[in-house]
Amino acid sequence: MSENDSVGELKNIPIAIKDNIAVKGLPLTCGSELLRQFVSPFDATVVEHLKQAGACIVGKTNLDEFGMGSTTTHSIHGATLNPWDLQRTVGGSSGGSAAAVASGTVPLALGSDTGGSVRLPASFCGIYGLKPSYGSFSRYGLVSFASSFDVVGILADNTELLRTAFKILCRPDPYDQSSRSFPEQQKAVSRRVGVIALHNMVSREVELSYQRSCEYMRARNIELVEITPQTMQYVAPVYHIISTAEASANLARFDGIRYGLRAEDEYDTKDMISETRSRGFADEVKMRILLGTYVLRSGLADRYYHNAQKMRKVIQREWKNIFTQVDAFLLPVYPTLAFVPEELEDQVRQKSADIYTAIANLTGMPALAYPVESDMHIPMGVQLMGDLSSEERLIDTVRYLQTEKTIQRAPAFSDLPKNYQISQYALPLGKGGHFVTWNQDVVHIREVHLEEDAGKMIHASDKTYCDYNRAGTPLLEIVTQPDLHSAKAVEYMLQEFRRTVQYLNVCDGNMEEGSLRCDVNISVGSQESLGTKVEIKNLNSFRFVRMALQYEIKRQIALLKEDKLVQQETRQWNEHRDRTELMRSKEDVHDYRYFPEPDLTAYPLKNVFLKTVSKALVELPNERAKRFIHQYKLSDSVAWAITEKKEIADFFEQTVQEGADPLKLVSWLEGEVKKVLNKTGSKLSSSPLTPSRMQKLLWLLETSVIQRKIAQRVLSCIISEDKDPRESVMRVLICDLSQQDGNEVEVCGWVHKIRKLGAIIFLVLRDRSGIVQVVYRNKQISLHLESVVSIKGIVKKNQKALGGYEIEETHTFVFSLAQADLPFLPEKDINTYNLESILDHRLLSLRNIKIRGIFELEATILSAFSTFLRNHKFTEIKTSKIIGRGTEGGTELFEIDYFGKPLYLTQSPQFYKQAMVASGLERVYECAPVYRAEKHETRRHLSEYVSLDMEMAFIKDEHELMDLQHELLEYVFQEIKQQHDSVLKMWNVLLPSAKQWASVPRLTYAEAKELLRQILGKTVFDIQPDGERALCDWAAQKYDIEAVFIYAFPRKKRPFYTYFEETLTRSFDLLFRGQEISTGGQRIHERDRLEESIVYFHLDPASLKDYLSIFSAGCPPHGGFAIGLERFAQQILHLENVKEAAAFPRDRKRISP
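Criteria and cut-off values
- Residues numbered from 1 in each chain as written.
- Predicted model: local features only at pLDDT ≥ 70, side-chain atom pairs only at ≥ 80, totals over all residues.
- Heavy atoms only, no water.
- Helix = DSSP H or I, 4+ residues; strand = E, 2+ residues; numbered from the N terminus.
- Rg over C-alpha atoms; globule rule 2.2 N^0.38 Å.
- Buried < 20%, exposed > 50% of the residue type's maximum accessible area, 1.4 Å probe, protein only.
- Contact = heavy atoms within 4.5 Å.
- Areas by Shrake-Rupley, 256 points an atom, 1.4 Å probe, with all protein chains shown as cover.
- Lys, Arg positive; Asp, Glu negative; His and termini not counted.
- Charge placed at Lys NZ, Arg CZ, Asp CG, Glu CD.
- Pairing = 2+ DSSP bridges.
- Axes fitted to C-alpha atoms, helices over the stretch in contact; angles between N-to-C directions.
- UniProt positions renumbered as here; feature names shortened; annotations may be inferred.
- Polar contact = N/O pair within 3.5 Å; in protein donor to acceptor, adjacent residues only side chain to side chain.
- Salt bridge = Lys/Arg side-chain N within 4 Å of Asp/Glu carboxyl O.
- Phe/Tyr/Trp six-rings, centres within 6.5 Å; stacked < 30°, edge-to-face > 60°.
- Core = buried A, V, L, I, M, F, W, Y, C linked by side-chain atoms within 4.5 Å.

A. Quick peek at the overall build of the chain. The helix and strand tally for the chain stands at 33 helices and 40 strands. The C-alpha radius of gyration computed for the chain amounts to 42 Å, which surpasses the reference 32 Å derived for 1153 residues by more than 25%, pointing to a less compact arrangement than a globule. Along the first, second and third principal axes, the C-alpha atoms of the chain reach 125 × 95 × 60 Å. Across the 1153 residues of the chain, 51% fall into the buried class. Here the contacts in the chain between residues at least 6 apart in sequence split such that 68% fall between residues at least 24 apart. Total accessible area computed for the chain in this model is approximately 56,000 Å², and 51% of it derives from carbon and sulfur atoms. Seen as two clouds, the 142 positive and the 151 negative side-chain charges of the chain have centres 2 Å apart.

In structure tokens form, the structure reads like this:
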């Protein structure tokens, strides 16, 4: 504000703007996810006018999304609370602006009013809310809800500011075709006011306030004329039909193409727009768009929209006629008090409540909501409506009614419930002395005396409240001389004074709880003499002291410039309006009368007592700060900060005495220590962080035992877990040792190798991330291979060591000692063992780094498969593995005894996948085990394996599935390369490049057989394993890729549910490195055709009735594929047998471990 050079009627007035009005450089979210990231590149015209008038735009305020709502709860920013009662609604949709004014954050705010969105929150918050005539304010820069209703409105805490803002904003704008010039308005009070019979249409509380307002008008000689508008019943339906129709049109611009949210993951423009709007709009907005679209539909527009427009003209004519009979019309704002949003479940009832506010928007006429007297603890308002261009008349009328002094705004007059107060006024504890601030301001002390807190009385309307909460509490009052000449200097002095009393342990200095309070006296005069003194009482924050003084200085200067006298009086600070207000006047300087209290005798303080007290005084904060600057070489600002609280200054000195570096300690105290204490809600004095522990932590950091990031974690452990710094040094993974050069660390893992060289022992430790060499010097250890240990030591760089680093051991702890004669040693080359030995000792062979790499790679395949499909909007499902019959023809089943019934382990989740697709999920996938009771003993078969299955709806043919699988596997290969380069190197394999993978050929089954005939030199009746290898070899030679898609299989070679055309099916296999790893295809989706196929395959339709029921209810064209995880990993790593890729393989003979 101090840099605001503009001159205008609103100079330095802070103003908040509703977040559907453009302010250059500030967010313009409209409370919607769709515009969450949007920042306005320009100012709305009304904002330009405010800035030209000198106003300071301090921020944006919350609203219901796009202004659609009456509670300010439908917003991405959350709900706005009513400052008077946090359980009740603030009203809407301009609730954020109303709450900002009502809470005293700003005196003035802009909102928008489409059907009462300014007047409703103004009523619920006890402030003034003006909806101007349509066209009087520019709408350029206001995001449209319903263009023929929308207006910018004003919310203010007093009528004068409201009038000023209105005059500034009321002007035509070439950028807004709906704006127009109105004739200059004359100031006048409405003498004939129309009123309405409510007939139980509002709550009892609202009706009483309305009647009381009418009675008060009569008392002020205003004639009331009862009028019953004939169109009232049509107001709400006409408003909602037209407003939703306009909203559906206006919000069509938010499509993700030009600005705002965009659904980037959609393939075509139509899907992108649909998904953008689905994600961006919340339910309330969607509901209004749907309703608006409905009433504009062909065949319905005449019934709803056009009839509503005709009825709107009838309503306008009726109200135009009403204002030939009266100057203004008094109406309720809302049928009830501010309600609790969760209790209002009837949406129709809520929207019909717009009956009183929507009139002004339907007619384009102005309306002013203002607070009225209420017996409730929350505010209530009514509205005064007028003819076009009658805003100033409405403001004058409201001002004439003096409604600014309602019960909610009544000032609290202090008084004494016990009629007198005990004070040491005549015999103070001390006189004279002075207080020197950090800025060298000298404040002389007139006296220090004791008083009692006598309580206070609050007078409000016809009631008086007695507050005895602090009655009888002793007070120490310090009275200073008028030595300070600015509000800022007073604020600094009080901050330092509070530090002083906290250091002396006089009190905790908590101003909010009343243990420290401030009364200030201010007078404006010349250098020769002071002016009349005004007292401002009971200020409970330093900020309020500064603001009250700044306001009072301006107020008194303004009075003196107008040759008016400043009255000697006591005033109080109104934090809601940011101004001082009269509390009581003082006609005489000697307004107080003093007399002796006979029951209290004087207690003289002897010199011995005073000397004892003087010796016990601690070093005061300013003196201590100066000493810290000199002794510890701290800067002024750092010394000030570190001595602000005595407990921190004490901790600082004690830690330095332990040996800590002062400058580094200050950095930690002001940074990380404060952050952790705030996070844990702890106080330094009561936390486990002692000066000794702090010094140890800094030593560990300074000697490079730990780095700063680890030190931060250690500090958190000290404070939250009460651990010593040494105990808090955390475990480090072997792969991260390169970041710990020179630091002491703890590593945990398995003993991989042990080698002795004279007095030195080299131990190789293995954890999940790698291996490292640990050096023992002049120590004996009794460890066997595979023992699990924790080792602490210093990390040192050594190019000859594994990974380039080794650890100089300082301490070893054994978690578990392995036996000496293990039958399988994981550190040995696996080529020294045959497959049966590896599998027989599986629990040990899994510890081998190379073997473990197989399963790390499989984990990445699983993760990449899921991530890719999730990114393509697939839903993961989990299906039963116990089934009543098989899903694949020609494959044996594992029978199980299911409570006496024969059931089977699933061969495939095929039927379940199809059911979930038909349910409406459309795209599903599953990663789960399946079971095949095949009696093969081959390198490619398992009785149990993990199947990666997917199914999707609305496909055209099998090529769409092959395209997706091609893209999926490219993503899987990419993830493996990024995460498992070391595994690929250990197994000495390469994965296809993106260029190679892009060239995978596709052959029909017939083309593949003919090609094999040419390659093998013989007729081929089916594609056997040798044929699969031959086809992959052919693809490698011709296309540089060991993979080929085979499709268009004969019908008899595919399951009964495969989609067919005459004798061929829309199915495929993927061969990779000489072996089939995936099979898939399109499924039959028509029940009649499926029943035909079941009979064709000699199956019983009755046994498949559950499956067939999927298709009775309608099913989209769909298909899918499955990949065998273990076989895929086998082919990637060139494993000889698929059992190597199973952690615990199952075949005809192997059932353990």
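B. Focus on the sheet that holds strand β24 (residues 760-767). In space, the five strands of this closed barrel follow the order β23-β24-β25-β27-β26, with mixed pairing throughout. Within the sheet, the average angular offset between the axes of one strand and its neighbour, ignoring direction, is 55°. With 10 bridges connecting them, strand β26 (residues 788-797) and strand β27 (residues 805-816) associate as antiparallel partners. Bridging from a neighbouring strand, Lys792 pairs with His811 of β27.

C. Molecular detail of the sheet that holds strand β29 (residues 882-883). Strand order in the open sheet made by the three strands is β29-β31-β30, with antiparallel pairing throughout. Both edges of this open sheet fall to β29 and β30 (895-898), since each of them pairs with a single strand only. Across two bridges, the pairing between β29 and strand β31 (residues 901-905) is antiparallel. The residue of β31 that forms the bridge with Ile882 is Leu905.

D. Local environment of the UniProt feature "active site" (unreviewed entry) in the chain. Within the UniProt annotation, "active site" (unreviewed entry) is assigned to Lys18, Ser93 and Ser117. In terms of the greatest pairwise C-alpha distance, the residues named above, spread along 100 residues, form a tight cluster of at most 11.0 Å across. Residue position: Lys18 is located in strand β1 (residues 14-18). Look past the residues within four positions of Lys18 in its chain and what remains in contact with it is Lys60, Thr61, Leu63, Ser93, Ser94, Ser97, Leu110, Gly111, Ser112 and Ser117. Of the polar contacts made by the side chain of Lys18, one reaches the side chain of Ser93; its length is 2.7 Å. Relative to the assigned elements, Ser117 resides in the loop between β5 (108-113) and α3 (119-125). A relative accessible area of 6% places Ser117 in the buried class. Not counting residues up to four positions away in its chain, the partners in contact with Ser117 are Lys18, Gly67, Gly92, Ser93, Ser94 and Ser112.

E. Spatial organisation of the environment of Glu205. Checked against the element boundaries, Glu205 lands in helix α5 (residues 204-219). Given a relative accessible area of 31%, Glu205 falls into the partly exposed group. Each C-alpha atom of the pair Glu205 and Ser374 lies 8.1 Å from the other, and the pair is 169 residues apart in sequence. Ignoring anything within four residues of it in the chain, the contact list for Glu205 reads Leu337, Met376 and Met380.

F. The arrangement of the side chain of Glu746 in detail. Following the sequence through the fold, Glu746 ends up in strand β23 (residues 744-757). No salt bridge is formed by the buried Glu746, whose closest oppositely charged neighbour, Lys792, lies at an N-O distance of 5.0 Å. A polar contact is formed between the side chain of Glu746 and the side chain of Ser790, at a distance of 2.7 Å.

G. Highlighting the packing of aromatic side chains. According to the stated counting rule, one finds 37 aromatic pairs in the structure shown. Judged by centre distance (5.1 Å) and plane angle (85°), the ring pair of Phe973 and Trp997 falls under edge-to-face. With a gap of 24 residues between them, Phe973 in helix α26 (residues 958-979) and Trp997 in helix α28 (residues 994-997) connect regions that are remote in the sequence. A single burial state applies to Phe973 and to Trp997, both of which are buried. An angle of 80° between the planes, with centres 5.2 Å apart, marks the rings of Tyr1107 and Phe1111 as edge-to-face. Here the residue Tyr1107 and the residue Phe1111 both occupy positions in helix α32 (residues 1105-1112), the gap between them amounting to four residues, near one helical turn. Assigned by exposure class, Tyr1107 and Phe1111 land together as buried. An aromatic cluster of at least three residues, connected via ring pairs, comprises Phe911, Phe1056, Tyr1057, Tyr1107 and Phe1111.

H. View of the nonpolar core. Membership of the largest hydrophobic core comes to 120 residues, with the highest contact counts inside it found for Phe66, Ile154, Trp319, Leu330 and Tyr370. Per element, the largest residue contribution to this core is eight residues, and it comes from helix α6 (residues 232-250). Contact partners of Trp319, with chain neighbours within four places excluded, come to Pro229, Thr231, Met232, Phe329, Leu331, Ile359, Thr363, Met365 and Met385. In terms of nonpolar packing, the next biggest core, distinct from the first, is built from 55 residues, Ile854, Phe855, Phe865 and Met952 among them.

I. Spotlight on unusual backbone geometry. In this model, Gly92 is joined to Ser93 through a cis peptide bond whose omega is 5°. Mapping Ser93 onto the fold places it in the loop between β4 (85-89) and α2 (95-102). In this chain, Ser1152 is followed by Pro1153 through a cis amide linkage whose omega measures 0°. Phi at Asn221 takes a positive value of approximately 65°, unusual for a residue other than glycine. Assignment of secondary structure puts Asn221 in the loop between α5 and β9 (223-226). Phi angles above zero are rare outside glycine, and Lys633 is one such case at about 60°. For Lys633, a relative accessible area of 62% gives the class exposed.

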